[in-house]
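Summary of the model geometry
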Amino acid sequence: MRDSPNIIITGTPGVGKTTHCELLSQRTGLRHLSVNQIVKDKGCHEGWDEEYSCWIVDEDRLLDSLEDEVPTGGCLIDWHACDLFPKRWIDLVVVLRVDSSTLYDRLNARGYPEAKLQENLDAELMDVLIQEAREAYDDEIVVELTSNTSEEMEENIDRIEEWIKRWKLDHGSS
Ligand code: DAT
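This section reports on the structure supplied with the text. Since we're looking at a predicted model, the values are computed, not measured.

How two helices sit against one another is set out by the angle between their axes and by the gap between those axes. Where helix H4 (residues 100–109) meets helix H5 (residues 114–125), the axes come as close as 10 Å, and the angle between the chain directions of the two elements is 155 degrees. Classified by the angle their axes make, H4 and H5 are roughly antiparallel. The element H4 and its partner H5 pack so that their crossing is right-handed. Along its contact with H4, which presents Ser-100, Leu-103, Tyr-104, Leu-107 and Asn-108, the element H5 presents Leu-117, Asn-120, Leu-121, Glu-124 and Leu-125. Residue composition of the contact of H4 with H5, grouped by class: 6 nonpolar, 3 polar and 1 charged.

As structure tokens, this is what we get:
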């Protein structure tokens, strides 16, 4: 039993996961778990992929290192994948979406190598993350939100904050 929900904030790199999690953490007190950071800090990987410039994640080691923290609740899980977390851990999955041109600009500004940039643009166009979320979790807990502008981000934050308050009321923990 947890008295605060666990929320996955997912989506293609560049959609705004980190920005949403930081704002939500400030507003709600939920903890921002940056999975990229955990993979790096706790060594949950099998080395560095030069072509895509990212860690090759060891999912078993990652889950082991989250096992103590996540089940107790109150986590905003920030990652570009979502289907490895056990269903019993998760109360809401937010999939952020952006237009191709916006995503291109954001990833280009990050200096992504061409192969990685193109792979992520394709993934966003082909609905990879929303499909992964719908396959892994019940439809009722999966929400798709757009994040092209700061106004949309504000609306998203308000909406998720309201959802957290309602979850706490429903679970007698507000
Ligand atoms: P992610 O964690 O999904 O990789 P991010 O939070 O680091 O993405 O955001 C990538 C960049 O885009 C960063 O410079 C902040 C900006 N950004 C994110 N969401 C935005 C939004 N809704 N409106 C405008 N800029 C946004």
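Let us now look at the site of the ligand. Of all residues adjacent to the ligand, which total 14 residues, the nearest are Gly-14, Lys-17, Thr-18, Thr-19 and Arg-110. Separating an oxygen atom of the ligand from a side-chain N or O atom of Arg-110 is a distance of 2.7 Å. Alone, the ligand offers 550 Å² of accessible surface; in the complex the protein occludes 73% of this. Here the shell around the ligand gets 3 residues from one element, more than from any other, and that element is helix H1 (residues 17–28).

By the secondary structure assignment, Arg-97 is in strand E6 (residues 92–97). In this structure the side chain of Arg-97 is engaged in a polar contact, spanning 2.8 Å, whose partner is the side chain of Asp-127.

Another aspect to go through is the pattern of salt bridges. Scanning all chains against the criterion turns up 12 salt bridges. A salt bridge links Asp-58 to Arg-61; the nearest nitrogen and oxygen atoms lie 3.2 Å apart. In this structure, Glu-162 and Lys-165 form a salt bridge, with 3.6 Å as the shortest nitrogen-oxygen distance. Pair noted here: Glu-162 and Lys-165 are both in helix H7 (residues 150–170), with a separation of 3 residues, about one helical turn. The exposure class assigned to Glu-162 is partly exposed, which follows from its relative accessible area of 44%. Look at the salt bridges and you will find they share partners, linking Arg-97, Glu-124, Asp-127, Arg-134 and Glu-144 into a network.

Examined against the element boundaries, Cys-82 turns out to sit in the loop between strand E5 (75–78) and E6. Remark: the alpha-carbon pair of Cys-82 and Ala-136, spanning 54 residues in sequence, is separated by 7.9 Å. When neighbours within four sequence positions are excluded, Cys-82 is seen to be in contact with Ile-8, Thr-10, Leu-129, Glu-132, Ala-133 and Tyr-137.

Here we come to the nonpolar core. If you look at the biggest cluster of nonpolar residues, it comprises 26 residues, and the most contacted ones within it are Leu-62, Ile-77, Phe-85 and Tyr-137. No other element matches the 4 residues that helix H6 (residues 128–136) contributes to this core. Beyond its immediate chain neighbours, meaning those up to four positions away, Ile-77 contacts Ile-7, Ile-8, Ile-9, Leu-33, Val-35, Val-70, Phe-85 and Ile-90. Leu-96, Val-98, Met-153 and Ile-160 belong to the second largest nonpolar core, which has 23 residues in total.

Taken together, Glu-59, Asp-60, Asp-64, Glu-67, Asp-68, Asp-83 and Glu-135 make up a surface patch of like negative charges. No other element matches the 3 residues that helix H3 (residues 59–66) contributes to the negative patch. Taking relative accessible area as the criterion, Glu-59 reaches 43% and is therefore assigned partly exposed.

The next thing to look at is the pairing of strand E4 (residues 54–57). Along any regular strand the residues' side chains alternate between the sheet's two faces. Judged from the 3 bridges that link them, strand E3 (residues 45–49) and E4 form a sheet pairing that is antiparallel. For His-45, the partnering residue across the bridge sits in E4 and is Val-57. Between E3 and E4, which follow one another and run antiparallel, lie 4 residues, and Ser-53 among them has a positive phi close to 35 degrees.

Here we come to the state of the cysteines. Scanning all chains against the criterion turns up 0 disulfides. Residue Cys-75 stays outside any disulfide, its sulfur separated by 11 Å from that of Cys-21, the closest cysteine. Note on Cys-82: no disulfide assigned, nearest cysteine sulfur contributed by Cys-21 at a separation of 13 Å.

So, how was this worked out
- Residues numbered from 1 in each chain as written.
- Predicted model: local features only at pLDDT ≥ 70, side-chain atom pairs only at ≥ 80, totals over all residues.
- Heavy atoms only, no water.
- Axes fitted to C-alpha atoms, helices over the stretch in contact; angles between N-to-C directions.
- Helix = DSSP H or I, 4+ residues; strand = E, 2+ residues; numbered from the N terminus.
- Parallel < 35°, antiparallel > 145°, perpendicular 65-115°, else oblique.
- Left-handed = near helix turned anticlockwise from the far one by under 90°.
- Contact = heavy atoms within 4.5 Å.
- Nonpolar A, V, L, I, M, F, W, Y, C, P; charged D, E, K, R; others polar.
- Near = heavy atom within 4 Å.
- Polar contact = N/O pair within 3.5 Å; in protein donor to acceptor, adjacent residues only side chain to side chain.
- Areas by Shrake-Rupley, 256 points an atom, 1.4 Å probe, with all protein chains shown as cover.
- Salt bridge = Lys/Arg side-chain N within 4 Å of Asp/Glu carboxyl O.
- Buried < 20%, exposed > 50% of the residue type's maximum accessible area, 1.4 Å probe, protein only.
- Core = buried A, V, L, I, M, F, W, Y, C linked by side-chain atoms within 4.5 Å.
- Patch = residues over 30% accessible without salt bridge, like charges linked within 9 Å, V, L, I, M, F, W, Y side chains within 5 Å.
- Lys, Arg positive; Asp, Glu negative; His and termini not counted.
- Charge placed at Lys NZ, Arg CZ, Asp CG, Glu CD.
- Pairing = 2+ DSSP bridges.
- Disulfide = S-S within 2.5 Å.

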